[in-house]
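Chains, contacts and geometry: an overview
Next come the chains, spelled out residue by residue.
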Amino acid sequence: MSDDTLARREFLKTTGAVVVGLSVVDKVGAQSPAGGAPPAERGLASGPPDAAQVDSYVAIHPDNTVTIYSGYVELGQGGPTSLRQVAAEELDLELGQVKDVRADTFVSTNGFTAASRTAGIGSVELRAALAEARRVLLGLASERLKAPPQDLSVTKGVVSVRADAKRSVSYADLLGGRRFNRQYEPVLYQGGIELPRKGLDNAIPKRREDYRIVGTRVPRPDIAEKIKGTYEYVQHVRVPGMLHGRVIWPRGQGAHAISNPTVVSIDEASVKGIPGVQIVRRGNLVGVVAPREWDAIRAARQLKVTWAPFADSLPGHEGLFDSFRSAKTSDATDTNTGDVTAALSRGAHTLSATYRGPYQSHGPMAPNCAVADVSKDGALVMCSDQGIYQTRNGVARLLGMPVEKIRVQYYAGSNTYGSSCYRDAAEAAAVMSQEVGKPVRLQFSREDEHGWDNYGPAHLADLRASVDANGKLLAYDYQAWGHTGGGMNTSTQLALATSPPVTTPQGGFSALYSVHLSQTDMYDVPNRQIVNHRVVGGGYLRTGPLRAPMDPSVFFAQEGMMDELAHAAGLDPYEFRKRNISHRRWLGVLKAATDAAKWTPRVAASNLSSARVVRGRGIGLGTHHLPQNQGDRVTFAAAVVDIEVNKDNGIVVAKHVYGAMDCGLAINPGIVESQIVGMSVHGASLALKEEVEFNRTNVTSLDWNSYRTIRCGEHPSVTPIVIQQLHEKSSGAGEEVLPAVVAAIGNAFFDATGVRIRQYPLTPRRVLAALKSATGQPGRSA
């Protein structure tokens, strides 16, 4: 275990005290003198710390370095590096003077690393706190140096009088090892929406024209360790006296909220010959632990557990979309402007089409893992959850303990950008540790991970749209079908022997699984309607957020329809979009992507070939949907993708992606470029390979043979383009190019073959069937 992890005995001592917050004020609204007392030791009380205290975010050390305490974690995207840049910038430090710490519910602020929140929200919160910290430091320096704050400058944490540089004092001299004791009005968010600050005397952050660190390509410190193989992932964590654990679950989940796993019997004699093995059971949660990992693996394979058979309640892989259309739904209109029906009737070109998107898996390269150490006095859980405070709440419920007795620390795993099984691993490890009275390291198997994932949701879309004789959009109608199937983690469901909640007609709509105006407002459409048909009840697969939740399916449909309209109007796809978009930032990413790709204007599928291998290119736009009142956090993305199609074997290869992104202020453009590369590869994999298969009873995609992803030798070359917007808000850069790539690949296939496939992924079987059914006339679909 690393040095920043408390030993078991010492940790359990600390959980007896409950102190919310790490800062002391005389009373609400009053301030203690800065530097008046040494800071309380962090890590001795449950958080989150008081968001209205500067000390909750930053500490000054005697060596003139600082540490920031952010709850945003490293998912492989470089978020913590960007936050260190923000801290160095606001405090006028060198980056090497800024450290961060492992996210920890006894130390860190309450950050949730999802939906591009690290830059979009975390940097705003931190910048406000550090602006206040800087004001405190300059006030102290003004007193010490007998000079007004406006006559002072700061370099590397040393405050000097501008007119006499010899008169100086360091941050360490002013406050090293002591507290700020400054209460201020923090930036707060509710449902992802920034709330207005009421105070008139909030410290003003540094002018962006003066930035010297934010906006530069700073290397990530974790990369060198990862390349050398010395980086500590959660799978590497070991603690004294630890047992290795595995869970035993049915082979692939059944219908959510209908086929609930129920243990009929356990044959304990089936693992009798394996040394040191213990069978663990709580409710329907069954596992094994052993001192040696291989013995735990063997025991999990050999233990004979009889489960009640799953009902034939799933629609099956082939019947999924028909079942959506015939199911009872709860309907909600997101947008209804103008008169769509009338506008459709008067269009020079009016089209309708149905698009389909599959369930897709998080599919981490390494299955999830967690280490838990539970006693009667408290629990320590080490896991790779994106929200450590959310994990704390679930673990507390299962263990029957107050949340302040649960300490959760973040260790990176094989990150998957969304709700894979990391929380299931943490909860199961905690339950098993409580049952056996020893620390347990729980490692999921590939079958556990693939078979019981919270899949990205399947999506069905009926679209109608029309344009006038000049190719200008008149009407756009999007009817969406889907369902939600989460609400309870598998480990919780099994341990409590209960059934997860199901969607009811009165249950409302989840923003993650609905289509919004923010996904389509890049186009100028006078008559527009978006309706979400949410399937009621269970009977489908468990779902959860997957990177850019539901956006790949939505933009595959939307951008496919835009290309169909462009073709009907006899227009180049880029020209069509320029005619129908007025927003400068959407036009900016389109221009950046097409310029990089050296786009040559022509009507799609106007250069068809009879060759065995044909080439095409397509355009797509993308973003991550947000409610309309979060419009200032929209990120703008566009992609051009070049593909090859082998008409003999149906294999489609993405050759090159040109991905452009405008994420407002790019704190670290190098990190954003890396994100564009990652999203481009991931998007190609989703568009061409990934699809969860299942029969009437259960999921059958349980390994890398039955759930295929793009291989290293198949990935496209990527040209990333970052459009820096110094004076815009940072809106995040982790999701938006991905749906643009999925859409562009669908459009590129039409350009290459003249055949429109409206269901992805474009697998060889689907491609060959489409080519066979088409007559060769451009515009034919399958």
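Look up a bit, the structure's there.
Description of the structure in this document. No experiment lies behind these values; they were computed from the predicted model shown.

**Overview of the packing of helix 2 (residues 79-91) against helix 3 (residues 117-145)**
It is the contact of helix 2 with helix 3, at a shortest axis distance of 9 Å, that shows an interaxial angle of 25°. The angle between the axes of helix 2 and helix 3 places the two elements in the roughly parallel class. Every pair of crossing elements has a handedness; the one defined by helix 2 and helix 3 is right-handed. Listed contacts from helix 3 to Gly79, Leu83, Val86, Ala87, Glu90 and Leu91 of helix 2 are Thr118, Gly122, Ser123, Leu126, Arg127, Leu130, Ala131, Ala133, Arg134 and Leu137. Taken together, the residues that form the contact of helix 2 with helix 3 break down as nine nonpolar, four polar and three charged.

**Re the pattern of salt bridges**
Using the criterion set out here, one finds 40 salt bridges in the structure. Residue Glu447 is joined to Arg251 by a salt bridge in which the shortest nitrogen-to-oxygen separation is 2.4 Å. Of this pair, Glu447 sits in helix 11 (residues 446-451) while Arg251 sits in the loop between strand 9 (243-247) and strand 10 (263-267), and the two are 196 residues apart along the sequence. Its relative accessible area of 26% is what places Glu447 among the partly exposed residues. The partner of Arg758 in a salt bridge is Glu564, with the nearest N and O atoms 2.8 Å apart. Here Arg758, found in the loop between strand 27 (755-756) and helix 18 (764-773), pairs with Glu564, found in helix 13 (residues 551-568); they are 194 residues apart in sequence, far enough to count as distant. The pair formed by Arg758 and Glu564 is uniform in burial state, with each residue classed as buried. What emerges from the salt-bridge pattern is a single network uniting Glu74, Arg220, Asp222 and Lys226.

**So, the packing of helix 13 against helix 17 (residues 737-753)**
Put simply, helix 13 and helix 17 touch, their axes get as near as 8 Å, and they point 40° apart. Classified by the angle their axes make, helix 13 and helix 17 are oblique. Pair helix 13 / helix 17 crosses with right-handed handedness. Contacts between helix 13 and helix 17 pair Asp551, Pro552, Phe555, Phe556, Glu559, Gly560, Asp563 and His567 from the former with Leu738, Pro739, Val742, Ala743, Gly746, Asn747 and Phe750 from the latter. Its residues assigned to classes, the contact of helix 13 with helix 17 shows eight nonpolar, four polar and three charged.

**Description of the side chain of Thr543**
Within the secondary structure layout, Thr543 lies in the loop between strand 22 (527-535) and helix 13. Each residue touching Thr543, except ones within four places of it in the same chain, is listed here: Tyr359, Asn454, Tyr455, Pro457, His483, Thr484, Gly485, Gly486 and Tyr513.

Rules used throughout
- Residues numbered from 1 in each chain as written.
- Predicted model: local features only at pLDDT ≥ 70, side-chain atom pairs only at ≥ 80, totals over all residues.
- Heavy atoms only, no water.
- Axes fitted to C-alpha atoms, helices over the stretch in contact; angles between N-to-C directions.
- Helix = DSSP H or I, 4+ residues; strand = E, 2+ residues; numbered from the N terminus.
- Parallel < 35°, antiparallel > 145°, perpendicular 65-115°, else oblique.
- Left-handed = near helix turned anticlockwise from the far one by under 90°.
- Contact = heavy atoms within 4.5 Å.
- Nonpolar A, V, L, I, M, F, W, Y, C, P; charged D, E, K, R; others polar.
- Salt bridge = Lys/Arg side-chain N within 4 Å of Asp/Glu carboxyl O.
- Buried < 20%, exposed > 50% of the residue type's maximum accessible area, 1.4 Å probe, protein only.

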